Amino acid sequence: MEELSATLDYLLSIPSVKCKARGFTVIVDGRKSQWNIVKTVVLMLQNVIPAEVSLVCVVKPDEFWDKKVTHFCFWKEKDRLGFEVILVSANKLTRYIEPCQLTDDFGGSLDYDHNDWLNKRLVFEKFTRESTSLLDELSIINDSDKSSTVDKEKSADLALLPSFDPETVLQTGHELLSELQQRRFNGTEGGGQGGPAWCPMDEELLAQPQVVTWLQGPGSELLKTQQAIGDSMRAAQTLQQKHEEIESQHSEWFAVYVELNQQIAALLSAGEEEEVVELKALQQQLSDVCYQQAAQLECRQNVLQAAQGFHTTTQELSQLLDGLLGMLCADVAPADGASIQQNLKLLEEKLQTVEAGLTSLRQKGAQLMEQMCTQAPWPLEETECPAGEQQDNVQHIQGVMEEMQLRKQRCEDMVDVRRLKMLQMVQLFKCEEDALQSVEWLGELLDALLKTHVRLGDESQETTTMLDKNRKFVDVAQSTYDYGRQLLQATVVLCQSLRCTTRSSGDTLPRLNRIWKQFSVCAEERQQRLELALNFHTAAERVLQQECVDSESLDEVDSSGKTLLDRLTMPVIFPDGTEQYFGSPSDTAAAAECVRERLLLVEERRLQLQELGLHNEEEEDEEEEHVLNGQEARLDVIGEELSEKEDQDEEEEEEEGGGGRAAG
């Protein structure tokens, strides 16, 4: 388009201003082009040379462009374009352009050789450019010679020499002038451009009543009978084809109108005052009738285009609803929750697409009814088009929109049910997945209990802490088991709600129960071992800390320690008869070693107590011997005292017996 615009600018630079003032007739040869290209070229003329163009003749192909409006779509925009546009066949160009100005491929007699013209044009431009430059240079040289004070014997400056040979330029000009004069003489003698000027004949204006009669009669009746909008896209396309036939018939009469309008314009410039008034009245009548028909054709075209858009959207929406309904009627059997989420997303997207399609249908329906209600009115003297068919069209549009609304509502209800079902299935898969996870967690807890929960503590305080941790560990396992049971119960309820008889918990529940029983046995064994260890450490610490310990307490510590050691060597027997040991043999040996160390301490305590008992007995024997010795010495003293007393008593008795005898 840029090249074409530059070419037109170049061609417009050739004629004189006076010639341009007469106006140009542009021929657009569209016989081998598409309509959109021709339309673009015509619109481009508006931007390039609107003031110089008075008429544009678009030469149409033998087969008219399908489904495209004709020349009146430009004609009705004459005021905006700035020139008239007509669509004619090649053999009818002579109606608007003199044959002497048309080449033979357009049915004219103009002898035109483009290569010859182009060569002469290039020679002319070359001569003009060189001669102008030569004249300027000669003028400069002349002025320089007059004002120069340089010695005439010195050679002239090379910069003052002309760029072109004056003799060569003159010869070129004479040859070009001779050829142009010869061509003009031949053209005048041959009755070409030198012939008499063409002007319209008065008899040609007799076609004016025929134009008005056809447009107001059969032409109007054709438009009035075409009020249907069809009930499908195919019917609307058929109506569009019928309308194009009507447009084609109108285009012939519009072409006659353009021709008559030019003839009237030519007569107005040379007619008398009374004739001018009459001619202007004829011209105005033609213009009013043609504009009215063009407006009706345009309105009908707009209605048909809106009808095609409405029916196309209806068909697309119907297909969307059918696809959505088919998706809703299909069984849902996804493999996992991710597939359900993807199907649910696809379902929501389809529903949104249907909603958008229904919104578009309402808009297209409103536009169609607006186009139908805003058609250009017919003159009052003419019969109005029947309102019954128009009302039927409106009812049909409203009925289609209501039907689509009902179909969409039914699909929405089914989507709600399907959405609930799919969400339940997502929940079902989630429950099954979480139940399996619970089994795995419980198995990991059992594995941790058997492999890592082996130590029994080195003292009673540590064993008490381990007992508390063991209870918490068992509580976590109990919560995990309960959670898995609840999930499996939820899967049963969801399967019943979904009527999914083929699905069940499978081996998840038996696995959960089996692992829980194994864990319970292990936890109970772990609890008992910790309690035995606590009793052992408590008794051992009491024996080791007390000063006076009886042999029964020591025996009790030995008994509980040996019982604990025997318990450490025993495996855990599961309900199914299988056996499992706590930890590795090295872990069990380490735990037993701790118990044995305590037993050794207790045994040392026993020996200490035994040694202390022997020492005490020796001291008691020494004390008894010392007491006995003291008693013997005391007895000896007492015996001596008694002997002395007896001797004294005897002496006293003897004394008393001698006195008696004396008295006697």
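The rules behind these values
Residues numbered from 1 in each chain as written. Predicted model: local features only at pLDDT ≥ 70, side-chain atom pairs only at ≥ 80, totals over all residues. Heavy atoms only, no water. UniProt positions renumbered as here; feature names shortened; annotations may be inferred. Helix = DSSP H or I, 4+ residues; strand = E, 2+ residues; numbered from the N terminus. Buried < 20%, exposed > 50% of the residue type's maximum accessible area, 1.4 Å probe, protein only. Contact = heavy atoms within 4.5 Å. Areas by Shrake-Rupley, 256 points an atom, 1.4 Å probe, with all protein chains shown as cover. Salt bridge = Lys/Arg side-chain N within 4 Å of Asp/Glu carboxyl O. Core = buried A, V, L, I, M, F, W, Y, C linked by side-chain atoms within 4.5 Å. Domains from an automatic or database assignment. Pairing = 2+ DSSP bridges. Axes fitted to C-alpha atoms, helices over the stretch in contact; angles between N-to-C directions. Phe/Tyr/Trp six-rings, centres within 6.5 Å; stacked < 30°, edge-to-face > 60°. Patch = residues over 30% accessible without salt bridge, like charges linked within 9 Å, V, L, I, M, F, W, Y side chains within 5 Å. Lys, Arg positive; Asp, Glu negative; His and termini not counted. Charge placed at Lys NZ, Arg CZ, Asp CG, Glu CD. Disulfide = S-S within 2.5 Å. Parallel < 35°, antiparallel > 145°, perpendicular 65-115°, else oblique. Left-handed = near helix turned anticlockwise from the far one by under 90°. Nonpolar A, V, L, I, M, F, W, Y, C, P; charged D, E, K, R; others polar. Polar contact = N/O pair within 3.5 Å; in protein donor to acceptor, adjacent residues only side chain to side chain. pLDDT = per-residue confidence, 0-100. Expected span 1.5 Å × (residues − 1).

An unreviewed UniProt entry lists the protein under the name CRAL-TRIO domain-containing protein, with Dissostichus mawsoni as the source organism. Quoted verbatim from the Sequence similarities (unreviewed entry) field of UniProt, the annotation for the protein is "Belongs to the SOLO family."

Asks: Before we go on, may I ask you to explain the overall build of the protein in this structure?
Replies: The number of helices and strands found in the protein is 16 helices and five strands. Counting all 664 residues of the protein, 35% fall into the buried class. Residue pairs at least 24 apart in sequence account for 83% of intrachain contacts in the protein once pairs closer than 6 positions are excluded. Approximately 40,700 Å² of the protein is accessible, and the part contributed by carbon and sulfur atoms is 51%.

Asks: Just checking my understanding: could you explain the pattern of salt bridges for this structure?
Replies: Oppositely charged side chains can pair when the atoms bearing their charge come close. On inspection of all chains with the given rule, the structure shows 20 salt bridges. The shortest N-O distance in the salt bridge between Arg31 and Asp29 comes to 2.8 Å. For Asp458, the salt bridge identified is with Arg455, shortest N-O distance 3.8 Å. Three or more residues joined by partner-sharing salt bridges are found here, namely Asp555, Asp558, Glu603 and Arg606.

Asks: Help me understand the nonpolar core, please; the structure alone is not making it clear to me.
Replies: Formed by 58 residues in total, the largest nonpolar core has its most connected members in Leu324, Leu368, Ile397, Leu442, Phe519 and Cys522. Of all the secondary structure elements, the ones that give two or more residues to this core are helix H10 (273–329), helix H11 (337–373), helix H12 (387–452), helix H13 (460–498) and helix H14 (508–545). For this core, the element with the most residues is H12, which contributes 20 residues. Both domains that furnish three or more residues to this core are identified here as domain 2 (228–378) and domain 3 (424–539 + 567–583). When neighbours within four sequence positions are excluded, Leu442 is seen to be in contact with Ala477, Thr480, Tyr481, Leu512, Ile515 and Trp516. Counting 21 residues, the second-largest nonpolar core is a separate cluster that includes Leu456, Leu467, Ala533 and Ala539.

Asks: Hey, could you run me through the environment of Val169 in this one?
Replies: Topologically, Val169 is positioned in helix H7 (residues 166–189). Residues Val169 and Phe127, spaced 42 residues apart in sequence, show a C-alpha to C-alpha distance of 6.6 Å. Leaving out residues up to four positions away in the same chain, Val169 has contacts with Phe127, Glu130, Ser131, Leu134 and Phe164.

Asks: Help me out: how do you make sense of the sheet that holds strand S1 (residues 24–29) in this one?
Replies: The pairing of strands in a sheet happens through backbone hydrogen bonds and is either parallel or antiparallel. Taken together, three strands build an open sheet; the order of strands is S1-S2-S3 and the sheet is parallel. Every other strand in the sheet has two partners, leaving S1 and strand S3 (84–88) as the edge strands with one partner each. Averaged over all adjacent pairs, the angle separating strand axes in this sheet is 20°, with direction ignored.

Asks: What am I meant to see in the packing of aromatic side chains here?
Replies: Evaluation of the coordinates by the stated rule reveals three aromatic pairs. Both rings, one in Tyr481 and one in Trp516, keep their centres 4.8 Å apart while their planes meet at 10°; by these two values the pair is stacked. Pair noted here: Tyr481 is in helix H13 and Trp516 is in helix H14, with a separation of 35 residues, a long-range link. Residue classification places Trp516 among the buried positions, given a relative accessible area of 14%. With 5.8 Å between their ring centres and 20° between their planes, Trp516 and Phe519 make a pair best called stacked. Highlighted residues: Trp516 and Phe519, both in helix H14, separated by three residues, approximately one helical turn.

Asks: Can you walk me through a nonpolar patch on the surface in this structure?
Replies: Residues Tyr10, Leu11, Ile14, Tyr112, Trp117, Leu118 and Leu122 make up a contiguous nonpolar surface patch of roughly 580 Å² in combined accessible area. If you list the elements that add at least two residues to the nonpolar patch, you get helix H1 (2–12) and helix H6 (114–147). A relative accessible area of 32% means that Tyr10 is categorised as partly exposed.

Asks: Explain a negative patch on the surface to me, please; I cannot follow it from the model alone.
Replies: On the surface, a cluster of negative charge is contributed by Asp636, Glu640, Glu644, Asp647 and Glu651. Within the secondary structure layout, Glu651 lies in helix H16 (residues 585–663).

Asks: What am I meant to see in the environment of Lys517 here?
Replies: Structurally, Lys517 is set in helix H14. Remark: the alpha-carbon pair of Lys517 and Asp576, spanning 59 residues in sequence, is separated by 9.8 Å.

Asks: Help me out: how do you make sense of the state of the cysteines in this one?
Replies: Simply put, the disulfide is a covalent bond whose two ends are the sulfur atoms of two cysteines. Overall, the coordinates contain zero disulfides when judged by the stated rule. Cysteine Cys431 remains unbridged, with the sulfur of Cys495 as its closest cysteine sulfur at 9.7 Å. Judged by relative accessible area, which is 7%, Cys431 ranks as buried.

Asks: Teacher, can you tell me more about the packing of H14 against helix H15 (residues 551–568) here?
Replies: What describes two packed helices is the angle between their axes and the distance between those same axes. Where H14 contacts H15, the two axes come as close as 9 Å, and the packing angle between them is 155°. Classed by the angle they form, the pair H14 and H15 counts as roughly antiparallel. When the axes of H14 and H15 are compared, the crossing they make is left-handed. Mapping the contact onto sequence places Glu525, Gln528, Arg529, Leu532, Ala533, Phe536, Ala539, Ala540 and Val543 in H14 and Ser553, Leu554, Val557, Ser560, Gly561, Leu564, Arg567 and Leu568 in H15. Across the contact of H14 with H15, the residue classes tally to ten nonpolar, four polar and three charged.

Asks: Quick question: what am I supposed to make of the side chain of Gln424 here?
Replies: Note that Gln424 resides in helix H12. By relative accessible area, Gln424 is classed as buried at 17%. Here Ser497 takes part through its side chain, which lies 3.4 Å from a polar atom of the side chain of Gln424. Contact partners of Gln424, with chain neighbours within four places excluded, come to Leu494, Ser497 and Leu498.

Asks: Would you take a moment to explain the pairing of S3 for this structure?
Replies: Side-chain positions along a regular strand alternate between the two faces of the sheet. For S3, the tally of buried residues reaches five of five residues, placing the bulk of the element in the interior. In S3, alternate side chains face the same way, and those of Glu84, Ile86 and Val88 on one face and Val85 and Leu87 on the other are all buried.

Asks: How should I be thinking about the confidence of the model for the protein in this particular structure?
Replies: Low pLDDT means the predicted coordinates in that region are not meant to be read closely. Counting all residues, the mean pLDDT for the protein is 77, and 73% of those residues have values of 70 or more. Confidence over residues 149–159 falls short of pLDDT 50; this stretch has zero contacts with residues more than four positions distant or in other chains.

Asks: Quick question: what am I supposed to make of H13 here?
Replies: Each full turn of the α-helix corresponds to 3.6 residues, which orients residues three or four apart in the same direction. End to end, H13 covers 57 Å across 39 residues, agreeing with the expected 57 Å (1.5 Å per residue, within 8%). Just past H13, the residue Arg499 takes up positive phi, approximately 55°.

Asks: Would you take a moment to explain the pairing of strand S2 (residues 53–59) for this structure?
Replies: Judged by how many residues are buried, S2 sits mostly within the fold: six of seven residues are covered. Pairing of S1 with S2 involves six bridges; the strand directions are parallel. Across the sheet, the residue bridging to Asp29 is Val59, located in S2. Relative to S3, S2 runs parallel, the two being bridged by five bridges. Considered in S3, the bridge of Val59 is made with Val88.

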